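Here are the chains, one letter per residue:
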Amino acid sequence: MKIRELQSNEPYPMDLLLLADPEESVIQTYIERCRCYVMELEGNIVGITALLPTRPLTAEIMNIAVLETMQGQGLGRRLLTHAIQVSKELGFRRIEIGTGNSSVGQLHLYQKCGFRIIGVDTDYFVRNYEEPIYENGLQCRDMIRLKQEL
């Protein structure tokens, strides 16, 4: 298993990106400005992280996803840890991430990896997505914002 930067001549693995962000039109608003890192297993891409410089000395993880068949094996944690390390190496002093109020597994993982909740963007998903999003039996309405000082 290795993690490498996606090259500019390689297509974005949209199937993976859509696991974390269900509307391609939304992904298209940020993906071109991101540094993308893919996790490969036996030559196949099984995970992705999209890292975006947002403000001086701040980067945001815009998308992080692992193939559904590979979830629950610690790969998301490896991708998250890699994004944190790369951000440090690139000179960022803060890394941020946002997730839905219904994303209980992600909220747990991010906090276990050192992120702290810094705010809530009320009705973010209602305002920015055409179709309602449901996960864990709950409508995803609000974005929970988290950060980590590096």
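See above for the structure.
Sequence order sets the numbering: in each chain, residues are counted from 1 along the sequence as written. In keeping with the model being predicted, local features are shown solely for residues with a pLDDT of at least 70 and side-chain atom pairs are shown and tallied solely at 80 or more, while totals for entire chains, interfaces and linings include all residues. The side-chain numbers reported here are obtained from all heavy atoms of the structure, hydrogens and water having been left aside.

Caption draft 1: Quick peek at the nonpolar core. As used in this record, nonpolar core signifies buried Ala, Val, Leu, Ile, Met, Phe, Trp, Tyr and Cys residues forming a set joined through side-chain atoms within 4.5 Å. Whether a residue is buried, partly exposed or exposed follows from its accessible area with a 1.4 Å probe, protein chains only, as a fraction of its type maximum: under 20%, in between, or over 50%, in that order. Of all hydrophobic cores here, the largest spans 24 residues; its most connected members are I61, L80, I97 and F115. Secondary structure follows DSSP: runs of H or I at least 4 residues long count as helices, runs of E at least 2 residues long count as strands, and numbering of each begins at the N terminus. Among the elements of the structure, strand 2 (35–41), strand 3 (44–55), strand 4 (58–66), helix 3 (75–89), strand 5 (94–100), helix 4 (104–112) and strand 9 (143–149) are those that each provide at least two residues to this core. Considering every element that reaches this core, the biggest residue donor is helix 3, with six residues. Pairs of residues are marked as contacts when any of their non-hydrogen atoms sit within 4.5 Å. Setting aside anything within four residues of it in sequence, one finds I97 in contact with E60, I61, I64, L80, Y110, F115, I144, R145 and L146. Formed by 20 residues, the second largest nonpolar core is a distinct cluster that contains L6, I31, C34 and C140.

Caption draft 2: Just the layout of surface pockets, in detail. A pocket, in this scheme, is an open set of points on a 1 Å grid over the protein atoms alone with protein on both sides within 12 Å along at least 5 of 7 lines, while a cavity is a set where a 1.4 Å probe fits but cannot get out; residues line either one if an atom lies within 4 Å of a point. Grid points are joined across faces, edges and corners, and a volume is the space filled by probe spheres set on the points. By volume, the largest pocket is sized at about 1,100 Å³. Considering the residues around the largest pocket, the lining is formed by 43 residues, among which A20, I64, T99, Q106 and Y110 are closest to the centre. Listed by contribution, the elements that provide at least two residues to the lining of the largest pocket are helix 1 (14–20), strand 4, helix 3, strand 5, helix 4, helix 5 (124–128), strand 7 (133–135) and strand 9. Sorting elements by how many residues they give to the lining of the largest pocket places strand 4 first, with seven residues.

Caption draft 3: Molecular detail of the state of the cysteines. For this text, the term disulfide refers to a pair of cysteine sulfurs within 2.5 Å. Evaluated as defined, the whole model comprises zero disulfides. Distance from the sulfur of C36, which forms no disulfide, to the nearest cysteine sulfur (C34) is 5.4 Å. Here C36 falls in the buried class, since its relative accessible area comes to 3%.

Caption draft 4: Up close: the packing of helix 3 against helix 4. Interaxial angle, 0 to 180 degrees, is taken between N-to-C directions of lines fitted to C-alpha atoms, where a helix line uses only the stretch in contact. The N-to-C vectors of helix 3 and helix 4 enclose an angle of 45 degrees; their axes lie 11 Å apart at closest approach. In terms of orientation, helix 3 and helix 4 fall into the oblique class. Crossing geometry of helix 3 relative to helix 4 is assigned as right-handed. Of the residues in helix 4, those touching helix 3 at G76, R77 and L80 are L109, Y110 and K112. Roughly parallel covers angles under 35 degrees, roughly antiparallel covers those over 145, roughly perpendicular covers 65 to 115, and oblique covers all other angles. Crossing handedness is defined as follows: a turn of the near helix away from the far one that is anticlockwise and smaller than a right angle gives a left-handed crossing, while the clockwise case is right-handed.

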